[in-house]
Amino acid sequence: MSTPRILSIQSHVVCGYVGNKSSVFPLHLHGFQVDAINSVQLSNHTQYTNVKGQILKAQDVIDLYDALKNNNINFYDYVTTGYVGDPSFLETLARTVTDLRSKNPDIKYVCDPVMGDNGHFYVPEELLAVYQKSIVPIADVLLPNQFEAEKLTGMPIKCEADGWQVCAKLHSQGKAETVVITSGEIGDNPNEIVSLGSFNRGQTKVKVCIPRIPSSFTGSGDVFAASFLIWSHKHPTDPVKIMTNTVNTTFAVLNRTYNSFKHLEKPSSYDKELKLIQSKADLEDPPEVVRAVLVEESS
């Protein structure tokens, strides 16, 4: 089997683990060749008091991609996108994905539509319309959290049935074969969060209940997205295995991170940085803490 190539367009931080810093390491461990475009280059993520850096403009992406194309090195098996802070940049990404498909019609576009969480946006709200108009219709895999899924569809998620209806709506808005609500307050158990995976355009539904870790983390969605790509590539016909491994990989990183600072009265942003490198073994072979269950499968 040839080495799969990925174009990863996400944020970059000098210190810490979000965006490409969270995604590229797990992908490399599993034998993927990753070419990274950094949508922003920041000193650290935005939960710190001070943040400095640069934001890539739409023309910068065009220049980078044009050089790849002119050198005939723009053949990729996957393209993945995460945090983008500028609407024109996001529009350019849509055109880039379309052009990549002209080079390889079988390319898979894995999109984490990073917009916000816990009831609020942390990108300009104008990006929502761009995601709805230009990105959702062309993505093969969509990985929103509950807040993002609700915003993309205009539908609230109050229960599991609502979650599946939102997944169906996202399938209907484009070509996505797979939609995963990566995390949400969907179940009745306050000690759990729930992840819902809708595969084969909704014909196969998989659910995972995840023990709640009593802290918030930055970069966890990026680890989830990279892990999902890894395990879906390795087990393309086994949604239960994909969801089980993805969630357990992410949980292992978060749990190790939590255990590293839980004794501190007031952990700093640096204390709470993901312990990604320390989790190398778990990224390669995650311990099974939870197991996904098949909710429904249509023939």
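Structure: see above.
This write-up is about the structure you can find in this document. (Residues numbered from 1 in each chain as written. Predicted model: local features only at pLDDT ≥ 70, side-chain atom pairs only at ≥ 80, totals over all residues. Heavy atoms only, no water.)

1. Some thoughts on the pattern of salt bridges
Link 1 in the chain: What the rule picks out here adds up to nine salt bridges.
Link 2 in the chain: For D140, the salt bridge is made with K175, and the minimal N-O distance between the two is 2.5 Å. Note that D140 is positioned in the loop between α4 (126–135) and β8 (141–142) and K175 in the loop between α6 (160–172) and β9 (178–184), a separation of 35 residues in sequence.
Link 3 in the chain: Given the relative accessible area of 34%, K175 is considered partly exposed.
Link 4 in the chain: In this structure, the salt-bridge partner of R291 is E288, at a minimum N-O distance of 2.7 Å. (Salt bridge = Lys/Arg side-chain N within 4 Å of Asp/Glu carboxyl O. Helix = DSSP H or I, 4+ residues; strand = E, 2+ residues; numbered from the N terminus. Buried < 20%, exposed > 50% of the residue type's maximum accessible area, 1.4 Å probe, protein only.)

2. Remarks on the packing of helix α3 (residues 87–103) against α4
Link 1 in the chain: The contact between α3 and α4 brings their axes to 9 Å, and the two run at 10°. Taken as axis vectors, α3 and α4 run roughly parallel relative to one another. Each of P87, L90, E91 and A94 in α3 lies in contact with α4, whose residues at this interface are E126, L127, V130, Y131, K133, S134 and I135.
Link 2 in the chain: Across the contact of α3 with α4, the residue classes break down as seven nonpolar, one polar and three charged. (Axes fitted to C-alpha atoms, helices over the stretch in contact; angles between N-to-C directions. Parallel < 35°, antiparallel > 145°, perpendicular 65-115°, else oblique. Contact = heavy atoms within 4.5 Å. Nonpolar A, V, L, I, M, F, W, Y, C, P; charged D, E, K, R; others polar.)

3. Here's the deal with the environment of L127
Link 1 in the chain: Here L127 lies in helix α4.
Link 2 in the chain: For L127, a relative accessible area of 0% gives the class buried.
Link 3 in the chain: For L127, the residues in contact, after removing those within four places along its chain, are V84, G85, D86, P87 and L90.

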